[in-house]
Amino acid sequence: MRGGGRLPGMTTLLPTFPTHDEIPEAARIDTSSFERTWLVNGEVRRWQGPTQEVRSPVCLRRADGTHERALVGHLAALDEAAAREALGAARRAWDDGRGTWPSMRVGERIARTERFVEGMKKVRETVVRLLMWEIGKTRKDAETEFDRTVQYIDDTLEALKELDRTSGRFVVQEGFLAQIRRSPLGTVLCMGPFNYPLNETFTTLVPALVMGNTIVSKLPRYGALLHLPLLEAFAEAFPPGVVNVVSGDGPTVVGPMMSSGQIDCLAFIGTSRVANLLTTQHPKPNRLRTITGLEAKNPAIILPDADLDVAVAECVGGALTFNGQRCTALKQIFVHRDVADAFVPRFAEAVDALPAGMPWTSGAKLTPLPEDGKCARLAELVADAESHGAVKVNRGGVAHETFYRPAVLHHVSPRARLYTEEQFGPIVPIATFDRDEEIDAFMRASSYGQQVALFGRDPKRMAGLVDALVNQVSRINLNTQCRRGPDTFPFTGRKDSAEGTLSVSDALRAFSIRAVVAATTNEANEKLVTDVVTGRLSSFLSTDFVF
Ligand code: G3H
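## Some words on the overall build of the protein
Summing up its helical and strand segments, the protein has 16 helices and 24 strands in all. Taking 547 residues into account, the globule formula puts the C-alpha radius of gyration at 24 Å, and the protein, at 25 Å, falls close to it. Out of the 547 residues in the protein, the part that is buried amounts to 58%. With an accessible surface of roughly 22,100 Å², the protein has 51% of that area assigned to carbon and sulfur atoms.

Right under this line is the structure:
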């Protein structure tokens, strides 16, 4: 809805976009030293072919009052040959499991990853500014994303040490002696999303990497430039070909990699439509492991005895943090008829009080949206819900260029698209319910099964809902919003919401397969194994572990 103007009287609800000169010094960014780069076979190269413009969700106001999305930089639009080169480098680094990286001892892999983290920390401020410019994340949330990612890597390395310690033991059972360890899968294609482009890319890339896999990382459509300042740190820390980073049009770059059959594992965060498209391109899907984080339609349930102060605060944060662009966001609220009149106006008022601004505006909670055509799509969803009887109960649902003021809609009918479709943006659909069975029916009919948030106090009723819902979703939150963290908790979903589990320790398992070396227990075999171990002749058959 570019060109959409402000409505009279709405000025406090909509942000003012800056002129070029009004951009604060602490938010300025110059991408010329790293734009158009990619990483292949340990080499950071600058692409000389076609590029894609990276336009910010932040618009710049011209002197005549018109606006234009700010140009942040250019991204390499790699061709098929470049994609094949990156895949070839990753395959050579894997070398059927005999490459330097997959056969390296765990302690050395950890040391290399720590070296990478040191390099990563040096570009923190650049990455934070790019998160603001490329996807409109507030400075505070951008800093949190960066720091949480560093913490995730540290925790992953600790979990790997723990795994290594426990796998260093021999098992003696039923006449066999054996050593059981986790081995890498091969080459992993990692594709992160735009909403947590750093964090969610690294929560698959890093565990896959430290387990000994080789990586091709395909950058997301939005939130890609921020990866480029990290390429030198990758090149410096890891052997050539272990990490390759590519960008460009999905069908051109990803299609040939998938259809080559040389991707052993796909780690993909995005929509189920694209996930299905990619997996079916693989000529032997039985050889492909998929770890995915897909859509969700997490509901909040407000029971009659809920503490409404808590419910309102948690639902506002749960539905609208980062403008609702989180897979874990609350995307539907069910309020019990007995408290609907108390809850809905308070909730709507709290939403209207959320301050809007640019990503660097202190205290801003709402910011412009990065996806092309997003405001128009949101307006369509609102119009469809209204045509089925929904009523807008707040001052939102108005757009200004790339900014969309959150709309709160009550009486959203099951016939409306918003009732079942993931909006992934600032619209909060509310429906009233009478019987708890209606919630159970909603979840049964839903294509998704990630999380729910229950607000209430009656232990018997809460327990009934927990039992009704726990086999339909993967996390139930009591009197608190849905979320992924702490990162040590398992993060997954059912139906079209996810495949595989991604806590710090689960991710190490997801990107590896167990391998066993076993022998019948007899004197000769005991001596053989002892000689291998004491002579430190094998990396696998070993009692070494990392402290
Ligand atoms: O988009 C999905 C993110 O993993 C959500 O993480 O719940 O910590 O915001 P979060």
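Structure's up, so let's keep going.
## Structural notes on the domain arrangement of the protein
Interface size is commonly expressed as the accessible area that is lost once the parts come together. Structurally, the protein comprises domain 1 (22–293) and domain 2 (298–488). A straight line from the C-alpha centre of domain 1 to that of domain 2 covers 31 Å. Across the domain 1/domain 2 interface, buried area totals approximately 2,200 Å², and carbon plus sulfur atoms make up 60% of it. Between the two partners, domain 1 and domain 2, sit four salt bridges. Notably, a salt bridge pairs Asp 487 with Arg 148, separated by 3.2 Å at the nearest N-O pair. At the surface where domain 1 touches domain 2, the tally comes to 12 residue pairs in polar contact (both at pLDDT 80 or more). Here the side of domain 1 that touches domain 2 is composed, by residue class, of 13 nonpolar, five polar and eight charged.

## Here's the deal with the nonpolar core
Counting residues in hydrophobic clusters, the biggest one holds 110 residues, and the most contacted among them are Phe 234, Ile 302, Phe 343 and Phe 347. Of all the elements, helix H4 (residues 139–167) adds the most residues to this core, at nine residues. Each residue touching Phe 234, except ones within four places of it in the same chain, is listed here: Leu 39, Phe 116, Phe 202, Leu 205, Val 243 and Val 245. If you look at the next biggest cluster of nonpolar residues, it comprises 31 residues, including Ala 399, Tyr 404, Leu 418 and Ala 431.

## What about the sheet that holds strand S18 (residues 427–433)?
Read across the open sheet, the seven strands follow the order S14-S17-S18-S13-S12-S20-S21; overall the sheet is mixed. Edge positions in the open sheet fall to strand S14 (391–392) and strand S21 (475–478), since each of these has one partner strand only. As paired strands, strand S17 (residues 407–410) and S18 are joined by three bridges and run parallel to one another. Across the sheet, residue Leu 409 finds its bridge partner in S18, namely Pro 429. Its contacts with the sheet place helix H14 (residues 459–469) against strand S13 (330–336), strand S20 (451–455) and S21, and it is angled at close to 170 degrees to S20.

## So, the site of the ligand
Every residue near the ligand is listed here: Arg 148, Asn 195, Tyr 196, Glu 200, Arg 326, Cys 327, Thr 328, Arg 483 and Arg 484. Measuring from an oxygen atom of the ligand, one finds a side-chain N or O atom of Glu 200 at 2.3 Å. Arg 326 is positioned such that a nitrogen or oxygen atom in its side chain is 2.8 Å from an oxygen atom of the ligand. Contact with the protein chains hides 94% of the accessible area of the ligand, taken as 310 Å² for the molecule alone. When residues of the shell around the ligand are assigned to domains, at least three fall in each of domain 1 (22–293) and domain 2 (298–488).

## What to know about helix H7 (residues 250–259)
Where H7 is concerned, the buried positions are Val 253, Val 254, Gly 255, Pro 256, Met 257 and Met 258. Buried positions along H7 lie against helix H1 (80–94), strand S7 (187–191), strand S8 (214–218), strand S9 (243–246), strand S10 (265–269) and helix H8 (272–281). Where H7 ends, the next residue or the one after it, Gly 261, has phi of about 75 degrees, a positive value.

## Let's talk about the environment of Ala 275
Within the secondary structure layout, Ala 275 lies in helix H8. Overall, the relative accessible area of 6% leaves Ala 275 in the buried class. In this structure the C-alpha to C-alpha distance between Ala 275 and Asn 525, which are 250 residues apart in sequence, comes to 47 Å. Other than its neighbours up to four places away in sequence, Ala 275 contacts Phe 268, Thr 292 and Leu 294.

## Quick look at the environment of Glu 421
Here Glu 421 shows up in the loop between helix H12 (417–420) and S18. Along the primary structure Glu 421 and Leu 189 are separated by 232 residues, whereas in three dimensions their C-alpha atoms are 28 Å apart. Contact partners of Glu 421, with chain neighbours within four places excluded, come to Lys 297, Arg 377 and Leu 381. Among the polar contacts made by the side chain of Glu 421, one reaches the side chain of Arg 377 at a distance of 3.5 Å.

## Quick notes on the environment of Asn 244
Mapped onto the elements of the fold, Asn 244 is located in strand S9. The class for Asn 244 is buried, based on a relative accessible area of 0%. Those residues within four positions of Asn 244 in sequence are excluded, and the remaining contacts are Leu 39, Val 40, Asn 41, Ala 86, Ala 89, Ala 90, Ile 215, Val 216 and Ser 217. A distance of 2.9 Å separates a polar side-chain atom of Asn 244 from the backbone nitrogen of Asn 41.

## Details of the sheet that holds strand S5 (residues 170–173)
With respect to topology, three strands assemble into an open sheet ordered S5-S6-S24, the strand pairing being antiparallel. One side of each edge strand has no neighbouring strand; the edge strands of this open sheet are S5 and strand S24 (512–520). Put simply, the sheet's adjacent strands are angled 30 degrees from each other on average, direction ignored. Pairing geometry for S5 and strand S6 (residues 176–184), over four bridges, is antiparallel. Directly across from Gln 173, in S6, lies its bridge partner Phe 176.

## Considerations on unusual backbone geometry
Here the amide bond leading from Gly 485 into Pro 486 is cis, since omega sits at -10 degrees, within 30 degrees of zero. Relative to the helices and strands, Pro 486 resides in the loop between S21 and strand S22 (494–495). Although it is not a glycine, Phe 322 sits at a positive phi angle of roughly 50 degrees. Inspection of the secondary structure assignment puts Phe 322 in the loop between helix H9 (308–320) and S13.

Basis of the calculations
- Residues numbered from 1 in each chain as written.
- Predicted model: local features only at pLDDT ≥ 70, side-chain atom pairs only at ≥ 80, totals over all residues.
- Heavy atoms only, no water.
- Helix = DSSP H or I, 4+ residues; strand = E, 2+ residues; numbered from the N terminus.
- Rg over C-alpha atoms; globule rule 2.2 N^0.38 Å.
- Buried < 20%, exposed > 50% of the residue type's maximum accessible area, 1.4 Å probe, protein only.
- Areas by Shrake-Rupley, 256 points an atom, 1.4 Å probe, with all protein chains shown as cover.
- Domains from an automatic or database assignment.
- Buried area = accessible area lost by both parts, 1.4 Å probe.
- Salt bridge = Lys/Arg side-chain N within 4 Å of Asp/Glu carboxyl O.
- Polar contact = N/O pair within 3.5 Å; in protein donor to acceptor, adjacent residues only side chain to side chain.
- Nonpolar A, V, L, I, M, F, W, Y, C, P; charged D, E, K, R; others polar.
- Core = buried A, V, L, I, M, F, W, Y, C linked by side-chain atoms within 4.5 Å.
- Contact = heavy atoms within 4.5 Å.
- Pairing = 2+ DSSP bridges.
- Axes fitted to C-alpha atoms, helices over the stretch in contact; angles between N-to-C directions.
- Near = heavy atom within 4 Å.

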